[in-house]
Amino acid sequence: MNNSYRYQLERYRGRGTRYTCPQCGRKYTFTRYIDTENNNQYISDNVGKCNRLDKCGYHYTPKQYFTDNPWKRDDFLVADGSLRHFTDSPCKRKEDFSFFLSYRENEKKKNTPPPRPICTLPEWVVERSLTNGAVSDHVQWLMNTYGEEETERVAKMYGIGASMQGFVIFWQRDIEGRVRAGKIMDYDVVTGKRRKYAGAIGWIHAIMRREGELPEDWELTQCLYGEHLLKEYPDKIVAVVEAYKTAHVGAILMPDMVWVATDSLQGLTAERLAPLRGRFVVFFPDEGKGFQLWQERLPQIAQEVGFKYQLSTFMEGKGDGVDIADIP
Ligand SMILES: [Zn+2]
């Protein structure tokens with residue numbers, strides 16, 4: 001049996017045969033594979049190809065799907081090397097394969113859906129925020145304070161985006177290079193501090209979902225801000241801070257470390273810090289509440305994830321709510 005004939009991309013028979021792409025979220029652009037030996041049924045909702053080759057490029061083939069979900073193959077019994085010739089073999093006694101049969105039954109019974117793939121944002125939306133000519137107040141403040149050269153270096157490292165209105169967009173890109181989230185914030189160009197008012201903080205996925213550019217069931221899974229840099233600098237000590245802005249300032253003032261941010265005080269979890277496994281890490285909590293909370297949580301998280309760390313008291317005694325970015 002040759003799978004490339006058996007599984008085919010569904011022919012176009014109107015909009016109803018084109019679906020929302022599981023990666024870029026664009027409607028009517030996703031072509032699913034059908035199984036021509038099984039009533040032309042779909043293999044699975046996410047097995048298919050996005051029509052937006054350049055902007056998205058999603059292509060999940062039946063072959064890949066059956067590699068990921070071997071028990072879904074109808075020739076699962078012969079999937080194992082030792083049983084490859086089961087169907088042609090003179091030895092066809094069922095009991096020889098009882099182990100495999102029960103494994104298959106168990107897998108069916110469990111009926112647990114495979115872990116949901118992580119929802120990501122399309123690259124074009126990041127690209128747009130980097131090429132629209134806008135300079136955010138935050139980046140402008142960095143330039144005024146630390147100079148153009150250093151700011152440009154850091155802006156490039158982190159891929160700092162801007163909205164047309166001059167709000168900064170912090171893209172959370174994970175260690176695999178996937179864009180998990182974009183946070184929009186409003187900073188004062190003179191003081192460099194956050195402007196605090198209702199609606200001063202927004203998320204790109206929330207806007208895109210409202211505009212129908214992401215599927216309804218798109219789910220946010222945050223990662224460390226700057227996580228993609230961990231792969232780029234595997235030997236550097238990692239500095240963990242709470243705020244995006246602090247990570248940028250840290251990367252300018254202390255470039256020997258890789259600076260990542262947790263987004264919020266509560267972002268300090270084993271799940272979020274998992275990419276720090278095997279690293280040496282220095283935590284720079286904000287003065288006050290941050291220090292205490294991180295001090296309480298870190299021993300267990302470090303053990304669970306597997307990293308060595310120091311908790312810096314750098315901010316202690318510098319005044320409540322002060323962070324590195326406030327120190328001249
Ligand atoms: Zn797509």
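Residues numbered from 1 in each chain as written. Predicted model: local features only at pLDDT ≥ 70, side-chain atom pairs only at ≥ 80, totals over all residues.

A. Layout of the overall build of the protein. Summing up its helical and strand segments, the protein has 11 helices and 13 strands in all. Residue pairs at least 24 apart in sequence account for 57% of intrachain contacts in the protein once pairs closer than 6 positions are excluded. (Helix = DSSP H or I, 4+ residues; strand = E, 2+ residues; numbered from the N terminus. Contact = placed C-beta atoms within 7 Å.)

B. Spotlight on the confidence of the model for the protein. When pLDDT is averaged across the protein, the result is 84; 80% of the residues are at 70 or more. The model gives residues 77-96 a pLDDT under 50, and that stretch makes 13 contacts with residues more than four places away or in other chains. (pLDDT = per-residue confidence, 0-100.)

C. Summary view of the sheet that holds strand β11 (residues 257-261). On the basis of which strands lie adjacent, the open sheet formed by 4 strands has the order β11-β10-β12-β13 and parallel pairing. Every other strand in the sheet has two partners, leaving β11 and β13 (308-311) as the edge strands with one partner each. Taking the axes of each pair of neighbouring strands and ignoring which way they run, one obtains an average angle of 25° across the sheet. Alignment of strand β10 (residues 237-241) against strand β12 (residues 280-283), held across 3 bridges, turns out to be parallel. Following the sheet pairing, A239 is matched in β12 by V282. Here helix α9 (residues 244-253) sits on the sheet and contacts β10 and β11; the angle it forms with β11, its principal contact strand, is near 170°. (Pairing = 2+ DSSP bridges. Axes fitted to C-alpha atoms, helices over the stretch in contact; angles between N-to-C directions.)

D. Region of the structure containing helix α6 (residues 148-158). For α6, every residue scored as buried is listed here: T151, V154, A155 and Y158. For α6, the arc enclosing every buried residue in end-on projection is 105°, short of the 170-degree limit, so these residues lie on one face. For α6, the exposed residues set more than 90 degrees away from the buried face come down to E149 and K156. Contacts made by the buried residues of α6 are with α5 (137-146) and α9. Positive backbone phi, at 65°, marks G159, one or two positions downstream of α6. (Buried ≥ 20, exposed ≤ 12 C-beta atoms within 10 Å, placed from the backbone. Arc of directions from axis to C-beta.)

E. The arrangement of unusual backbone geometry in detail. Despite not being glycine, N40 shows a phi value in the positive range, around 55°. You can see N40 is positioned in the loop between β2 (30-35) and β3 (41-42).

F. Spotlight on the pairing of β13. In this sheet, β13 lies alongside β12 in parallel orientation, the contact comprising 4 bridges. In the strand pairing of β13, F283 is matched with L311.

G. Fine view of the sheet that holds strand β9 (residues 201-203). Reading across from one edge, β6-β7-β8-β9 is the order of the 4 strands in this open sheet, with antiparallel pairing throughout. Lying at the two open borders of the sheet, with one neighbouring strand each, are β6 (161-162) and β9.

H. A look at the environment of W203. Following the sequence through the fold, W203 ends up in strand β9. The spacing of W203 and A181 is 22 residues in sequence and 7.4 Å in space, taken between C-alpha atoms. Ignoring sequence-local partners within four residues, the contact set of W203 consists of A181, G182, K183 and I184.

I. A look at the environment of E271. As for its position among the elements, E271 is in helix α10 (residues 270-273). Here E271 falls in the exposed class, since 12 other C-beta atoms lie within 10 Å of it. Along the sequence, E271 and Q222 sit 49 residues apart, while their C-alpha atoms lie 9.7 Å from each other.

J. Expanded view of the nonpolar core. Core analysis: the biggest nonpolar cluster contains 46 residues, and V168, I169, V240, V241, A247, V260 and A261 have the highest contact counts within it. When residues of this core are sorted by domain, at least three fall in each of domain 3 (119-222) and domain 4 (224-328). (Core = buried A, V, L, I, M, F, W, Y, C linked by C-beta atoms within 7 Å. Domains from an automatic or database assignment.)

K. Here's a closer look at the pairing of β10. Taking burial as the measure, the 5 residues of β10 include 4 buried ones, the bulk of the element. Crossover β10 to β11 through α9 is right-handed. (Right-handed = clockwise from strand over helix to strand, strands pointing away.)

L. Here's a closer look at α5. Those residues of α5 that fall on the buried side of the exposure criterion are D137, H138, V139, W141 and L142. On the buried face of α5, the contacting elements are α6, β6, β7 (168-173) and α9. Positive backbone phi, approximately 95°, marks G147, located one or two places after α5.

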